[in-house]
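Commentary on secondary and tertiary structure
Here's the letter readout for the chains.
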Amino acid sequence: MSAVDLAFDAERRVLGAVLHDPSLYDGCGLVTDDFADEKHRHVWTAIGALANADAPVMLASVAASLEARNRLVAIGGPIVLATLYADCATTAGWRFSAATVAEAAKRRRLVAAAQALLDEAERGATSEKLAAGLTARLDVLAEDRPSESLRWFDLADCCADTSPLEDPLVGPGFLSRG
């Protein structure tokens, strides 16, 4: 699996976990631009708008928020929200997923900064200007995310099933697919 695939899956896990347990929203330390997938950015924006307004974050309210912004159809409709929710059988490991999303976002920003420097070099920028641009971009990227939100996590925290979901017909930690 590629890094892009892993990040996409991590984005889905974060969204699903927050849909199950909205209290995780503030602990993620993520912003909309951290999500590479446009549909995921729309969902995160809707969740954030609700959370910041102290409104309930649940499938219906997120769908309504997306609809109010004319984004529900853009993400694929309510079925996409339901799938994000259903595919998240547990919120365990949400910190790992959030860290994966944050790391992928930082990599994308580094690549964009490197590409901008290459573009400047191709346009004939001097080495001094390129060095100054590199230093400035690295300073911005270093401050890009507070170190606390990118701190590593305990394996026990990552794997502990602190919030299992239960399907009464199947049992703890599982959701029926039928």
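Values in this document were obtained by computation on a predicted structure and should not be read as measured data.

Cut-off values and rules
- Residues numbered from 1 in each chain as written.
- Predicted model: local features only at pLDDT ≥ 70, side-chain atom pairs only at ≥ 80, totals over all residues.
- Heavy atoms only, no water.
- Patch = residues over 30% accessible without salt bridge, like charges linked within 9 Å, V, L, I, M, F, W, Y side chains within 5 Å.
- Areas by Shrake-Rupley, 256 points an atom, 1.4 Å probe, with all protein chains shown as cover.
- Salt bridge = Lys/Arg side-chain N within 4 Å of Asp/Glu carboxyl O.
- Helix = DSSP H or I, 4+ residues; strand = E, 2+ residues; numbered from the N terminus.
- Buried < 20%, exposed > 50% of the residue type's maximum accessible area, 1.4 Å probe, protein only.
- Axes fitted to C-alpha atoms, helices over the stretch in contact; angles between N-to-C directions.
- Parallel < 35°, antiparallel > 145°, perpendicular 65-115°, else oblique.
- Contact = heavy atoms within 4.5 Å.
- Core = buried A, V, L, I, M, F, W, Y, C linked by side-chain atoms within 4.5 Å.
- Phe/Tyr/Trp six-rings, centres within 6.5 Å; stacked < 30°, edge-to-face > 60°.
- pLDDT = per-residue confidence, 0-100.

1. Brief notes about a nonpolar patch on the surface
Nonpolar side chains collect at one region of the surface, where Leu110, Leu134 and Leu138 lie side by side and expose about 240 Å² of accessible area between them. Along the chain, the position of Leu110 falls in helix 7 (residues 94–122). The class for Leu110 is partly exposed, based on a relative accessible area of 38%.

2. A few points about the packing of helix 1 (residues 3–20) against helix 6 (residues 78–86)
At a minimum axis distance of 7 Å, the contact between helix 1 and helix 6 shows a crossing angle of 90 degrees. Comparing the axis directions of helix 1 and helix 6 gives the class roughly perpendicular. Contacts between helix 1 and helix 6 pair Arg12, Leu15, Gly16, Leu19 and His20 from the former with Leu81, Thr83, Leu84 and Tyr85 from the latter.

3. A short note on the nonpolar core
Side chains of nonpolar character tend, in soluble globular proteins, to be buried together. By size, the foremost hydrophobic cluster in this structure holds 29 residues, and its most contacted members are Val14, Leu30, Val43, Trp44, Ile47 and Val62. Every element with two or more residues in this core is listed here: helix 1, helix 2 (24–28), helix 3 (38–52), helix 4 (59–68), helix 5 (72–75), helix 6 and helix 7. Among the elements that line this core, the one with the most residues is helix 1, at 6 residues. With sequence-adjacent residues up to four places away left out, Val43 is seen in contact with Leu15, Val62, Leu66, Ile75, Leu81 and Leu84.

4. Considerations on the packing of aromatic side chains
Counted according to the given criterion, the structure contains 2 aromatic pairs. On the basis of an interplanar angle of 35 degrees and a centroid distance of 4.9 Å, the ring pair of Tyr25 and Trp44 is categorised as tilted. Taken together, the residues span a long stretch of sequence, with Tyr25 in helix 2 and Trp44 in helix 3 at a distance of 19 residues. The class of Tyr25 is buried, set by a relative accessible area of 14%. Measuring from ring centre to ring centre gives 5.0 Å for Phe35 and Trp44, while their planes differ by 35 degrees; the resulting arrangement is tilted. Residue Phe35 shares its accessibility class with Trp44, and that shared class is buried.

5. Some points on the confidence of the model for the protein chain
Chain-level pLDDT for the protein chain is 81 on average; 79% of the residues reach the 70-or-more range. Scored below 50 in pLDDT, residues 146–178 shows 46 contacts in the model against residues more than four places distant or in partner chains.

6. What about unusual backbone geometry?
One non-glycine residue, Asp54, adopts positive backbone phi at about 55 degrees. The exposed category is assigned to Asp54, whose relative accessible area is 74%. At Asn70, a position not held by glycine, the phi torsion is positive, near 55 degrees. Residue position: Asn70 is located in the loop between helix 4 and helix 5.

7. Looking at the pattern of salt bridges
Two side chains bearing opposite charge may form a pair once their charged atoms approach each other closely. For the structure on display, the rule yields 3 salt bridges. Notably, a salt bridge pairs Glu103 with Arg107, separated by 3.9 Å at the nearest N-O pair. Of this pair, Glu103 and Arg107 both sit in helix 7, 4 residues apart, roughly one helical turn. For Arg107, a relative accessible area of 37% puts it in the partly exposed group.

8. Overview of the side chain of Glu11
With respect to the helices and strands, Glu11 occurs in helix 1. Each residue touching Glu11, except ones within four places of it in the same chain, is listed here: Asp34, Phe35, Ala36, Asp37, His40 and Val101.

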